[in-house]
Amino acid sequence: MGKEKEVLSKKEQHRRKKRKSMITKSIVLVILLAVLGVCVFFLVRMLRPGTTTQKTPIQEQQTTPEPTPETQTEGTVPEEPETENTSAQAGPGKAEAMEEAALLAASYDYDGAIEKLNSIEGAASDSEITARITEYETTRDNCVPVNMNEVTHIFYHSLIVDPDRGFAGDDYLSAGFKQWMTTVDEFNNITQAMYDNGYVLVRLRDLVVQTTDADGTVHFTANPDLKLPAGKKAFVMSMDDLSYYHSYDGRGIASKIVLDENGKPTCEYVQADGTTVTGAYDYVPLLDQFIAEHPDASYKGAKGMIALTGYNGILGYRTDIAYKTGENLTSDQSAWLAAHPDFNWDEECAQAKTVADGMKADGWEFASHTWGHIKIGDASLERIQTDTEKWEAYVAPLVGGTDTIIFAHGQDLSDWHDYSTENEKFNYLKSKGYNFFCNVDSTQYFLQIRDNYVRQGRRNLDGYRLWNDVHGSVNRTSDLFDASQVLDPRRTDVPAL
């Protein structure tokens, strides 16, 4: 019995061992089948169109890092992260477009700014852009019309850079420089003071709406759409004689207008030691710089109106026909030609035209100052006709013509009463295409907007005016600035001519 029990025990052990092995194999098989089923399930989900899988927390932590320039292979494009509907989704160039819009709005072109913002891709759904549009619309709608009866017009001549040279001597010419000219420091002081007092530069033609009949007849009415924020005051500015006459040589004044590497107007200036430098040595680049830094100083980028004669050329270029023909030369002209034996008149005119085109592209405008700087009130009709023909022949082609005449010596075609169609000088100038007329009367406001012309008086901001406002009995510029804070201390007197 003991031997038989031992045999059964060994058989039972072998059976149990075999059973355990089968159970283990079954479990492994079940696990493998389960894993295979799960894999098949997820594979089907991934291959099904339009189906996405939700990341587990572990998957979210194990995202693939963005390729660096060293690890990114050629031809691969890194996947951009998903973003919410924020301003970054408004499309390429948004930042630049918003900056341009801000500049337009700063110069009171609110409609232009709004148009620029609306041109940005996705603007309608961008909260930042829509808020900015609302801001510009509100500011625009709160602007008030400019009172045309309170628009003043100031003017300058070329600026003196070096008063030690400009004011030197005691002859007629020195007295003239002290009376007619403003120094660079005085100009900068006036520009800043008027800006601080709320003045905004506008164009003369901004004051009116011009319409033209089929036969070419023009009509003018006051511009109801010229509006500025409350407290701002519109003014017009012009500059006389930007020709750099021979009489300016050696007097510490710029010698010509040139274009810089960006095509913007700047000046050449001959220093006391004879070296020539380039920079902001006259009102054109100086005003450009100020408006670039203070865009709200100018209405829609307005600059000044430059009144040109022609007898010594324009802008510092010797473009009058006398320099080519050698006929009827003054002593100054003869001396200049002798000092420039390689002078080429055609090239000189081409350079002057290029500079004038650059100035117009920069916002500057041109007017006639008569070819010979004549006294329009004293001159005969015949002389005015001859002078006008010279301006049209030798100045107009270089500046593109003009419909504005700014009278020299402060004279006018008549007194302050309206121009009459019986005035033969007025009729002649109208027949030559002139519609805007400016004199010098030094009053605070003088503007006539008539159906067939526009006329405005101007105020001279020169040495004579500044000196007398500080040292004289009558102050004519207190509405613009404090002359005592403007007057250059190097200006010690203003002698009579």
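Worth saying up front: this structure is predicted, and the values here are computed from it rather than measured. (Residues numbered from 1 in each chain as written. Predicted model: local features only at pLDDT ≥ 70, side-chain atom pairs only at ≥ 80, totals over all residues. Heavy atoms only, no water.)

Draft legend 1. Expanded view of the nonpolar core. One finds Leu242, Leu315, Met359, Phe437 and Phe481 to be the most contacted residues of the largest nonpolar core, which totals 78 residues. Ranked by residues supplied to this core, first place goes to helix α12 (residues 345-361) with 6 residues. Counting 39 residues, the second largest nonpolar core, distinct from the first, contains Ala113, Ile120, Val202 and Ile449. (Core = buried A, V, L, I, M, F, W, Y, C linked by side-chain atoms within 4.5 Å. Buried < 20%, exposed > 50% of the residue type's maximum accessible area, 1.4 Å probe, protein only. Helix = DSSP H or I, 4+ residues; strand = E, 2+ residues; numbered from the N terminus.)

Draft legend 2. Representation of the pattern of salt bridges in the model. A full pass over the atoms with the stated rule returns 24 salt bridges. For glutamate 100, the salt bridge is made with lysine 116, and the minimal N-O distance between the two is 2.9 Å. Of this pair, glutamate 100 sits in helix α3 (residues 94-106) while lysine 116 sits in helix α4 (residues 110-118), and the two are 16 residues apart along the sequence. By relative accessible area, glutamate 100 is classed as partly exposed at 41%. (Salt bridge = Lys/Arg side-chain N within 4 Å of Asp/Glu carboxyl O.)

Draft legend 3. Structural detail: the packing of aromatic side chains. For the structure on display, the rule yields 20 aromatic pairs. A ring pair is formed by tyrosine 269 and tyrosine 281, whose centres lie 4.7 Å apart and whose planes are at 20°; its orientation type is stacked. Of this pair, tyrosine 269 sits in strand β11 (residues 265-270) while tyrosine 281 is found in the loop between β12 (276-279) and α9 (283-293), placing the two residues 12 residues apart along the sequence. You can call tyrosine 281 partly exposed: its relative accessible area is 21%. Pairing phenylalanine 426 with phenylalanine 437 gives two aromatic rings, centres 5.6 Å apart and planes at 50°, and the pair type is tilted. (Phe/Tyr/Trp six-rings, centres within 6.5 Å; stacked < 30°, edge-to-face > 60°.)

Draft legend 4. Structural detail: helix α7 (residues 172-180). Listed in full, the buried residues belonging to α7 are Ser174, Ala175, Gly176, Phe177, Lys178 and Gln179. Residues of α7 that are buried in the fold lie against β3 (159-160), α6 (163-166) and α16 (463-471). (Contact = heavy atoms within 4.5 Å.)

Draft legend 5. Fine view of the pairing of strand β14 (residues 365-368). Here β14 shows a buried face lined by Glu365 and Ala367 and a second buried face lined by Phe366 and Ser368. Note that strand β13 (residues 305-308) and β14 share 4 bridges and pair parallel. Bridge assignment links alanine 307 to a residue of β14, and that residue is alanine 367. (Pairing = 2+ DSSP bridges.)

Draft legend 6. Representation of the environment of tyrosine 445 within the structure. Mapping tyrosine 445 onto the fold places it in the loop between β16 (436-438) and β17 (447-450). Each C-alpha atom of the pair tyrosine 445 and arginine 459 lies 9.0 Å from the other, and the pair is 14 residues apart in sequence. Other than its neighbours up to four places away in sequence, tyrosine 445 contacts Asn149, Glu150, Val151 and Thr152. Reaching out from tyrosine 445, the side chain makes a polar contact with the side chain of glutamine 444 at a distance of 3.0 Å. (Polar contact = N/O pair within 3.5 Å; in protein donor to acceptor, adjacent residues only side chain to side chain.)

Draft legend 7. Representation of the sheet that holds β12. Across the sheet, which stays open at both edges, the 3 strands sit in the order β10-β11-β12 with antiparallel pairing between neighbours. Of all strands in the sheet, those with a lone pairing partner are β10 (256-259) and β12, marking the two edges. Neighbour to neighbour, the strand axes of the sheet diverge by 35° on average, direction disregarded. Here α9 sits on the sheet in contact with β10, β11 and β12, set at roughly 135° to β11. Contacts from α12 reach β10 and β11 within the one sheet, and its direction differs from that of β10 by about 70°. (Axes fitted to C-alpha atoms, helices over the stretch in contact; angles between N-to-C directions.)

Draft legend 8. Region of interest: the packing of α3 against helix α5 (residues 127-141). Between α3 and α5, whose axes approach to 12 Å, the crossing angle comes to 10°. Relative to α5, the element α3 is oriented roughly parallel. Of the residues in α5, those touching α3 at Lys94, Met98, Ala101, Ala102 and Ala105 are Glu128, Ile129, Arg132 and Tyr136. Taken together, the residues of the contact of α3 with α5 break down into 6 nonpolar, no polar and 3 charged. (Parallel < 35°, antiparallel > 145°, perpendicular 65-115°, else oblique. Nonpolar A, V, L, I, M, F, W, Y, C, P; charged D, E, K, R; others polar.)

Draft legend 9. Representation of the packing of helix α13 (residues 381-394) against helix α15 (residues 424-431) within the structure. At a minimum axis separation of 10 Å, α13 and α15 run at an interaxial angle of 20°. The orientation of α13 relative to α15 falls into the category roughly parallel. Here α13 and α15 pass one another in a crossing that is right-handed. Taking contact as the criterion, the partners of Leu381, Ile384, Gln385, Thr388 and Glu389 in α13 are, on α15, Glu424, Lys425, Tyr428 and Leu429. Taken together, the residues of the contact of α13 with α15 sort by class into 4 nonpolar, 2 polar and 3 charged. (Left-handed = near helix turned anticlockwise from the far one by under 90°.)

Draft legend 10. Molecular detail of a nonpolar patch on the surface. Together, Tyr172, Trp180 and Leu497 line one region of the surface with nonpolar side chains, adding up to about 330 Å² of accessible area. By the element assignment, tryptophan 180 lies in helix α7. Residue classification places tryptophan 180 among the partly exposed positions, given a relative accessible area of 33%. (Patch = residues over 30% accessible without salt bridge, like charges linked within 9 Å, V, L, I, M, F, W, Y side chains within 5 Å. Areas by Shrake-Rupley, 256 points an atom, 1.4 Å probe, with all protein chains shown as cover.)

Draft legend 11. Quick look at helix α11 (residues 331-339). Within the sequence span of α11, burial applies to Gln333, Trp336 and Leu337. Projected onto a plane normal to the axis of α11, the buried residues spread over an arc of 95° and lie on a single side. Within α11, the exposed residues directed more than 90 degrees away from the buried face are Ser331, Ala338 and Ala339. On its buried face, α11 is in contact with α10 (322-325) and α12. (Arc of directions from axis to C-beta.)

Draft legend 12. Highlighting the confidence of the model for the protein. In the predicted model, the protein carries a mean pLDDT of 87, and the fraction of residues at 70 or more is 81%. The low-confidence segment residues 1-8 (pLDDT under 50) makes 0 contacts with residues lying over four places distant or belonging to another chain. Overall, residues 46-91 carries pLDDT values under 50, and its contacts beyond four positions in sequence, including any with other chains, amount to 23 contacts. (pLDDT = per-residue confidence, 0-100.)

Draft legend 13. Representation of unusual backbone geometry in the model. Positive phi outside glycine occurs at tyrosine 108, with the angle close to 75°. Look at histidine 409: it is not a glycine, yet its phi comes out positive at around 60°. Within the fold, histidine 409 resides in the loop between β15 (404-406) and α15.

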